Amino acid sequence: MTHSRRADRGQLEQKLLILVTLGLVAFGLVMVFSATSASAALGAGDPMRFLVKQGLYAVVGLVLLACMSRVDYHALRPLAPLLLVGTFAACVAVLVVGPSINGAHRWFVLGPVSFQPAELAKLAVCVWVCAVLARRQPPRTMAELMKPVGLVVCAFALVIVIEPDLGTTIALIAMVAGVLLVSGVPLRLLALASTFAVGAGLLAIWAEPYRRERVFSFLDPWKDAEGAGFQNVQAIIGIGSGGLTGDGLGQGIQKVNFLPEAHTDMIFAVVGEELGLVGAALVIAAFAVFAWAGFRVALSCRDPFGKRLAAGITTLVCAQAAVNLAAVLGLAPLTGIPLPFVSYGGSSLLVLLTSVGVLLNIAVNERVVEARVRDRRRRDSRSRSSRARGGRGAARARSDGDVRRHTRPRRVAAGA
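Residues numbered from 1 in each chain as written. Predicted model: local features only at pLDDT ≥ 70, side-chain atom pairs only at ≥ 80, totals over all residues. Heavy atoms only, no water.

## Regarding the overall build of the chain
No. 1: For the chain, the count of helices and strands is 14 helices and 2 strands.
No. 2: Looking at the chain as a whole, 45% of its 416 residues are labelled buried.
No. 3: At a minimum sequence separation of 6, the contacts of the chain that also span at least 24 residues come to 72%.
No. 4: Carbon and sulfur atoms provide 66% of the accessible area of the chain, an area that totals close to 20600 Å². (Helix = DSSP H or I, 4+ residues; strand = E, 2+ residues; numbered from the N terminus. Buried < 20%, exposed > 50% of the residue type's maximum accessible area, 1.4 Å probe, protein only. Contact = heavy atoms within 4.5 Å. Areas by Shrake-Rupley, 256 points an atom, 1.4 Å probe, with all protein chains shown as cover.)

Encoded structure:
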């Protein structure tokens, strides 16, 4: 009965992950079209351009999700070092050969297709950290934490910050922290490492003037409402004007020449304006359900690698969502991080859907393991009862000294 309830719960979590992911992707396509079609039409552009591109990325991402949900996640473990080295080389290469877009070198661009290697780096680091921590005792000191996990994570964080992309770095650090917590790292050590990470983040903020402006505008966006605080103020106006039920899908005005990056980082402000508190609350609830189901998969998984990987993927999605929502709502400085599955962006969508496919496979593999254990127990119980019934005959065979009669039942029992 206990195993049956556990299997049913695993199926429920898998279904919730699928429904929430597909729902958010479909909702994201609608909101991307709503956030871009009006401004494109006013500028004599193609209102369908962003929707078509995002739709193509969504189709490819869903294919990757379906494939990864059927590939045993254990196959990622031996590939972890190769993935790590490859993505690190790509992150370094984009600094050299990547074009400058809005002052940043983050993308490889090939015609109409662009890809951000830092997005793939989050998944690669997640797989590698989980593979390392699964085969050793959890770190107990800062020296043990730094070798090798801390050094590798710091190297990736440094390269990504140079691009510059502080938002992705924050998501990367949060994901690693989630894996360390599930691995059993002492809270004291985790707090100490977090203190160092926050200190390094403050140094990175202070080193760049535009990051300092974001922090100061977060503290008082209305002080320079038409300058550094413009994006914060417009997001607040958009969310506040939506009221309880919003102005109606497609009826928002902030996205038209008022709210910068309305279809990417600020898409939640468009949701708040057009769908109101109800729509915004449903989006937040969807990520809460995703977190519950993902962490349930991690807690129920008995494989050390699978447990850590499920926790890392769930943390990656939910931490990124939390940072984006906090920034749009004015609870944290702007970081330029997209809202998972909803914001426009092909690289993020492809990597996140691939990650969800791995998460689904972890849930499936756990149920397969449980089924095999139950089946093995049933066979063992039948074998023991058979030997118990045949014990008297076996004893008689040994007492008679008949080797052939003694050997024959053993062969039958082995074959059974």
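Moving on from the model shown.
## Side note on helix H2 (residues 49–68)
No. 1: Its 20 residues give H2 an end-to-end C-alpha distance of 29 Å, which sits within 8% of 28 Å, the value for a rise of 1.5 Å per residue.
No. 2: Where H2 is concerned, the buried positions are Phe50, Gln54, Gly55, Tyr57, Ala58, Gly61, Leu65 and Met68. (Expected span 1.5 Å × (residues − 1).)

## Comments concerning the environment of alanine 38
No. 1: Counting through the fold element by element, alanine 38 comes out in helix H1 (residues 2–42).
No. 2: Using a relative accessible area of 27% as the deciding quantity, one classes alanine 38 as partly exposed.
No. 3: For the pair alanine 38 and asparagine 257, spaced 219 residues apart in the sequence, the C-alpha separation amounts to 9.8 Å.
No. 4: Every residue in contact with alanine 38, bar those within four places of it in the chain, is listed here: Lys255 and Val256.

## Topic: the packing of helix H4 (residues 117–134) against helix H11 (residues 304–328)
No. 1: Following both chains from N to C, one finds H4 and H11 inclined at 145°, their axes separated by 9 Å at the closest point. Classified by chirality, the crossing of H11 by H4 is right-handed. On H11, the residues touching Lys122, Cys126, Val127, Cys130, Ala131, Leu133 and Ala134 of H4 are Pro304, Phe305, Arg308, Leu309, Gly312, Ile313, Leu316 and Gln320.
No. 2: Of the residues that constitute the contact of H4 with H11, the class distribution is 11 nonpolar, 2 polar and 2 charged. (Axes fitted to C-alpha atoms, helices over the stretch in contact; angles between N-to-C directions. Left-handed = near helix turned anticlockwise from the far one by under 90°. Nonpolar A, V, L, I, M, F, W, Y, C, P; charged D, E, K, R; others polar.)

## Things to note about the confidence of the model for the chain
No. 1: For the chain, mean pLDDT is 84; residues scoring 70 or higher make up 84% of the total.
No. 2: Mean pLDDT across the secondary structure elements of the chain bottoms out at helix H14 (residues 403–415), with 37, and peaks at helix H10 (residues 267–300), with 95.
No. 3: Overall, residues 368–416 carries pLDDT values under 50, and its contacts beyond four positions in sequence, including any with other chains, amount to 13 contacts. (pLDDT = per-residue confidence, 0-100.)

## Concerning the nonpolar core
No. 1: Formed by 94 residues in total, the largest nonpolar core has its most connected members in Val125, Leu309, Leu339 and Phe341.
No. 2: Counting residues per element, this core draws most heavily on H10, which supplies 14 residues.
No. 3: With near-sequence residues (within four places) excluded, valine 125 lies in contact with Leu84, Val153, Phe156, Leu172, Met175 and Val176. (Core = buried A, V, L, I, M, F, W, Y, C linked by side-chain atoms within 4.5 Å.)

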